[in-house]
Amino acid sequence: MRIVVVGGTGLIGSKLVTKLGEHGHEAVAAAPSTGVNTLTGEGLAEVMAGTRVVIDVSNSPSFEPAAVLEFFETSTRNLLAAEAAAGVGHHVALSVVGTERMPENGYFRAKAAQEQLIEKSGIPFSLVHATQFFEFVRSIADEATDGDTVRLAHVFFQPIAGDEVAREVGKVAVGSPLNGRVEIAGPERFRMDEFFRDVLAGWGDPRQVVTDPRAHYFGSVPGERTLVPEEGAVLGRIRYRDWPGRTATGQ
C-alpha cells in the first residue's frame, strides 16, 4: 500500500521508509526537503493522492513552548485536512509516553494538543507513545548539565532503540486503526540518575552526575513514573549495553 511518512527524512522517519519499503509498501518520505511542508500546506494535496496510511513522526524545530505548540497544532490541522480530502483511511502519530502526566511541560502539552486534534478528526487513527530514544541519551545529559555536573532526578527511565520504535510504528501502521494508543519502551527500567552515572563513566566523560529531586527534565520536574509506560506496554528487545550506537552516542 502507499504510505506517506511525514518527517520521513529524520531519525525515525528514514528508518520507517526503509523498513516499509523492504516489506513491499510504497513508502513516501514527506518533508520540506522533498517538497512537502505541513506548516504551509505546500505539497500536501499532491502527496496524499492514492495514499491509504499517513504516519506522522515529524518534530518541531524549536522546543520553546509557544513555538512547539504552534508547530504541532498548525501542522496537524493541515495534515488532517489534506487526509480527509484525499480519503486517507488511517492516521498514525508518534508521541511520547507521559504526555498527560506532565502538562506543565511545554513540549508534552503540545503533543497532547496534537493528539486531541487527531482524536477529534473523524479519521481512523493510532497513537504510538514511545519512551526516550537511545539516540537522544547524549542530548538529555547535555540538557541536564550545569558546569561540570549533570543534575538528574531519581525517577524511572526506560529508553528504547530508534530501530525498535520504527519497527513498532510500522507494525501499527499496516494494521487496523487502534482508535486509541499503544505504549512502547525499552526492555530495561532504570533510575535516571543511576543510568546516566553509568553511561557517562562508560564514555570516560568527566562530568559528575548529581541526584537532585528537583532537577528539571527539559523544563519541568518529572514524577517518579512520568517517563515510563503503564502495564501492558510493548517492550523492545535491544538492551542499551548491547546497542551498537552506545559508544558513538558519547562522541
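First, a word on what this report is: a plain description of the structure on this page. Only a predicted model underlies this, so the values are computations on that prediction, with no experimental measurement involved.

### Focus: the environment of F63
Next up, step 1: Mapped onto the elements of the fold, F63 is located in the loop between strand 3 (53-56) and helix 3 (65-86).
Next up, step 2: As for F63 and T34, which are separated by 29 residues in sequence, their C-alpha atoms are 23 Å apart.
Next up, step 3: If sequence neighbours within four positions are ignored, F63 has contacts with V68 and Y107.

### Remarks on the sheet that holds strand 11 (residues 208-211)
Next up, step 1: Judged by pairing direction, the sheet is mixed, and its 3 strands sit side by side in the order 6-7-11 without closing on themselves. For this open sheet the edge positions go to strand 6 (145-146) and strand 11, each flanked by a neighbour on one side alone.
Next up, step 2: The pairing of strand 6 with strand 7 (residues 149-152) spans 2 bridges and is classified as antiparallel. In the sheet register, T145 faces strand 7, and the bridge partner there is V150.
Next up, step 3: Contacts between helix 7 (residues 192-203) and the sheet are confined to strand 7 and strand 11, with strand 11 contributing the most and set at about 170 degrees to the helix.

### What about helix 4 (residues 106-119)?
Next up, step 1: The terminal C-alpha atoms of helix 4, which comprises 14 residues, lie 20 Å apart, in line with the 20 Å expected from a rise of 1.5 Å per residue.
Next up, step 2: Buried residues dominate helix 4, accounting for 10 of its 14 residues.
Next up, step 3: Where helix 4 is concerned, the buried positions are G106, Y107, F108, A110, K111, A112, A113, Q114, E115 and I118.
Next up, step 4: Looking at the packing, one finds that the buried side of helix 4 touches strand 3, helix 3, strand 4 (90-96) and strand 5 (125-130).
Next up, step 5: Its side-chain oxygen at 3.0 Å from the backbone nitrogen of Y107, N105 defines the N-terminal cap of helix 4.

### Regarding the pairing of strand 9 (residues 180-185)
Next up, step 1: One ladder, built from 5 bridges, connects strand 5 with strand 9; its direction is parallel. Pairing of A130 across the sheet is with I184, part of strand 9.
Next up, step 2: Two strands pair when backbone bridges link them, and strand 9 and strand 12 (residues 234-235) are joined in this way by 2 bridges, in the parallel orientation. If you follow I184 over to strand 12, its bridge partner there is V234.

Quick notes on the rules
Residues numbered from 1 in each chain as written. Predicted model: local features only at pLDDT ≥ 70, side-chain atom pairs only at ≥ 80, totals over all residues. Heavy atoms only, no water. Helix = DSSP H or I, 4+ residues; strand = E, 2+ residues; numbered from the N terminus. Contact = heavy atoms within 4.5 Å. Pairing = 2+ DSSP bridges. Axes fitted to C-alpha atoms, helices over the stretch in contact; angles between N-to-C directions. Expected span 1.5 Å × (residues − 1). Buried < 20%, exposed > 50% of the residue type's maximum accessible area, 1.4 Å probe, protein only. Polar contact = N/O pair within 3.5 Å; in protein donor to acceptor, adjacent residues only side chain to side chain.

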